[in-house]
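# Remarks on the overall topology
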Amino acid sequence: MARELGFSQIGIAGIDLSSAEPGLMQWLAQGFHGEMHYMAAHGTRRARPAELVPGTASVITARMDYLPRATPADWQAVEFDRLARPSEGIVSLYARGRDYHKVLRSRLATLAGRIAEEVGAFGHRAFTDSAPVLEAELAARSGQGWRGKHTLVLDREAGSMFFLGEIYVDMALPPSEAVTPHCGRCTACIDVCPTGAIVAPQRLDARRCISYLTIEHPGAIPAELRPLMGNRIYGCDDCQLACPWNKFAQKSTLPDFDAREGLAGSALAALFAWTEDEFLRRTEGSPIRRIGHERWLRNVAVALGNAVRAGEPGAREALASRREHPSALVREHVAWGLGAPDHPSGVAGVAGAGQRPA
Ligand code: B12
Ligand code: SF4
Ligand code: SF4
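Residues numbered from 1 in each chain as written. Chains lettered and ligands numbered in written order. Predicted model: local features only at pLDDT ≥ 70, side-chain atom pairs only at ≥ 80, totals over all residues. Heavy atoms only, no water.

## What to know about the site of ligand 2
Ligand 2 sits among Cys193, Pro194, Thr195, Ile198, Leu204, Cys209, Ile210, Cys236, Asp238 and Cys239. Its residues placed into classes, the shell around ligand 2 shows eight nonpolar, one polar and one charged. (Near = heavy atom within 4 Å. Nonpolar A, V, L, I, M, F, W, Y, C, P; charged D, E, K, R; others polar.)

## As for the nonpolar core
Membership of the largest hydrophobic core comes to 60 residues, with the highest contact counts inside it found for Phe7 and Trp296. Among the elements that take part in this core, helix H12 (residues 292–309) stands out by supplying eight residues, more than any other. Setting aside anything within four residues of it in sequence, one finds tryptophan 296 in contact with Val91, Ile233, Leu271, Trp274, Phe279, Ile288 and Ile291. Membership of the second largest hydrophobic core comes to 36 residues, among which are Trp27, Val59, Tyr212 and Ile221. (Core = buried A, V, L, I, M, F, W, Y, C linked by side-chain atoms within 4.5 Å. Buried < 20%, exposed > 50% of the residue type's maximum accessible area, 1.4 Å probe, protein only. Helix = DSSP H or I, 4+ residues; strand = E, 2+ residues; numbered from the N terminus. Contact = heavy atoms within 4.5 Å.)

## Observations concerning the side chain of threonine 214
Position of threonine 214 relative to the elements: it lies in helix H8 (residues 210–216). Threonine 214 sits in the buried class, given a relative accessible area of 0%. Engagement of the side chain of threonine 214 in a polar contact is seen with the backbone oxygen of serine 211, the distance being 3.4 Å. With residues up to four places along the chain from it excluded, the contact list for threonine 214 reads Met229, Arg232, Ile233, Tyr234, Gly235, Ile291, Arg298 and Asn299. (Polar contact = N/O pair within 3.5 Å; in protein donor to acceptor, adjacent residues only side chain to side chain.)

## A look at the pattern of salt bridges
Taken as a whole and judged by the stated rule, the model has 17 salt bridges. With a shortest N-O distance of 2.5 Å, arginine 69 and aspartate 258 are connected by a salt bridge. Placement of arginine 69 in the loop between strand S2 (58–65) and helix H4 (75–82) and of aspartate 258 in the loop between helix H9 (238–241) and helix H10 (268–272) is noted, with a sequence separation of 189 residues between them. For glutamate 332, the salt bridge goes to arginine 226, with nearest N and O atoms at 3.0 Å. Taken together, the residues span a long stretch of sequence, with glutamate 332 in helix H14 (residues 328–338) and arginine 226 in the loop between H8 and strand S10 (232–234) at a distance of 106 residues. We classify glutamate 332 as partly exposed; its relative accessible area is 35%. The buried category is assigned to arginine 226, whose relative accessible area is 2%. Each of Glu79, Arg82, Arg85, Glu88 and Arg96 takes part in a single network of salt bridges with overlapping partners. (Salt bridge = Lys/Arg side-chain N within 4 Å of Asp/Glu carboxyl O.)

## What to know about the pairing of S2
Counting buried residues along S2, eight of its eight residues qualify, which places the element largely inside the surrounding structure. Burial of the side chains of S2 extends over both faces: Ser58, Ile60, Ala62 and Met64 are buried on one face and Val59, Thr61, Arg63 and Asp65 on the other. Note: strand S1 (residues 9–13) against S2, five bridges, orientation antiparallel. Bridge pairing in S2 places alanine 13 opposite valine 59. In the sheet, S2 pairs with strand S7 (residues 162–169) via eight bridges, with the strands oriented antiparallel. (Pairing = 2+ DSSP bridges.)

## Focus: the site of ligand 1
In the neighbourhood of ligand 1, 40 residues make up the surrounding shell, with Glu135, Arg147, Val153, Gln202 and Ser211 lying closest. Within the side chain of glutamate 135, a nitrogen or oxygen atom sits 2.6 Å from a nitrogen atom of ligand 1. Between ligand 1 and the protein, one listed contact pairs a nitrogen atom with a side-chain N or O atom of arginine 203 at 3.4 Å. Those elements that place two or more of their residues in the shell around ligand 1 are helix H1 (21–29), helix H6 (135–141), S7, strand S9 (203–204), H8 and H9.

## Focus: the sheet that holds S1
One open sheet accounts for four strands, arranged S1-S2-S7-S4; its pairing is antiparallel. The open sheet is flanked by S1 and strand S4 (124–127), the only strands paired with a single partner. Neighbour-to-neighbour, the strand axes of this sheet turn through a mean angle of 20 degrees, independent of strand direction. In the packing of helix H5 (residues 100–119) onto the sheet, the strands contacted are S1, S2, S4 and S7, and the crossing angle to S7 comes to about 40 degrees. (Axes fitted to C-alpha atoms, helices over the stretch in contact; angles between N-to-C directions.)

## Here's the deal with empty space enclosed by the protein
For the structure on display, the rule yields two cavities of 30 Å³ or more. Space inside the largest cavity adds up to approximately 80 Å³. Lining the largest cavity are Glu79, Leu83, Ile90, Ser92, Arg232, Gly235, Cys236, Asp237, Asp238 and Leu241. Here the residues of the lining of the largest cavity are counted per class, giving four nonpolar, two polar and four charged. (1 Å grid on protein atoms, 1.4 Å probe; cavity = no way out; pocket = protein on both sides within 12 Å on 5 of 7 lines; lining within 4 Å. Points joined across faces, edges and corners; volume = space filled by probe spheres on them.)

## What about H4?
Those residues of H4 that sit buried are Trp75, Gln76, Glu79, Phe80 and Arg82. The arc that holds every buried residue of H4, seen down its axis, measures 150 degrees, which confines them to one face. Structurally, H4 contributes buried residues whose contacts are with strand S3 (90–91), helix H7 (188–192) and H9. (Arc of directions from axis to C-beta.)

Structure (structure tokens):
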């Protein structure tokens, strides 16, 4: 029943997450959440399902794979190669199709309805990245995979290219068994991270993570991190591209995550030329829409600045077209990009561009 809805695995977790609470509190205390104030706002409720939804006795967890249906077998190499093309903009794989919040939410609700048809009515609430829920922790406890050193959940048969969703239920169900971890001595994700955001195994300083900087961070991107962002303009996949277990990542069975035109393989100059109307039209129903046109231009300006540094023809002209943009945020990032010295010799010396493990 879950498979028909696009889910690949279902698990059951108990609701005692008390052993995860100190880690969450330490993460917040260190300020690793940056400007994601919603992470601090709910305090310990994030780790206490029955406080979020009174009466919760178990959590049904669900995995939904998101690699687009047309993904080639050597997709990790294909994606790494984009990093070596500084005038191309990289949108991370999860964001090239329809917004997963929309896809998962409605399908989790349908799943809950179908379970109710079998077992009778029960109290439930479905979530996917939409409430203070420790999703990865619940998933790991319920056998969806182990926590990688990059903090994501990964599995030997599914890699980590999947979303998570949960249904909090008022029935006490027998929990699924957790799987054993298989990172061993590998540190590929830590080593490849362009900004050093994985400060230790399973410790992510979000303030340095390109996913945070391009999606969640509201204002100016710290200047020292801009050169490290390369041509990543929305999210980042590097720690997952480097992971050997992602050879086994599964493609989605749904058309929803197929890449939309313009979101894979497009030139930065073309993406920078999108008017606000065009941005809204092209990102309708996509997670990218949430950041708005101003942050989109901010991100693309950084990538164009890095293309200038790499000596890419046309990058300087593209940036200059927005020199007088009404937003001070955009103007400042454009000025930063234009201030970059030309490096006609190519990408040599440009940190964050084309990194690929040997
Ligand atoms: C905030 C957030 C982010 C932040 C911070 C990420 C993070 N690792 O915390 C940013 C914006 C950087 C981010 C990026 C991404 N995200 Co995100 N994100 C979330 C969100 C909303 C909350 C995660 C969270 O609770 N973080 C808080 C910290 C404390 O949790 P933690 O890392 O698990 O920490 C535990 C331990 O490691 C330890 N610990 C951590 N730090 C420290 C420090 C000290 C000192 C100590 C002692 C202990 C300790 O304690 C914690 C509790 O056990 C979840 C959805 C959800 N509601 O859960 C999605 C989620 C984790 N993200 C997801 C995805 C897909 C991504 C990206 C891949 C997107 C992209 N391509 O750009 C990247 C990957 C970056 C990465 N390596 O994590 C998926 C992951 C699916 C999976 N397979 O695991 C989720 C589950 C969303 C979903 N519904 O599918 N994300
Ligand atoms: S998503 Fe990118 S920047 Fe963030 S931890 Fe992974 S490799 Fe580093
Ligand atoms: S890259 Fe290596 S250390 Fe990182 S999650 Fe994958 S197996 Fe674990």
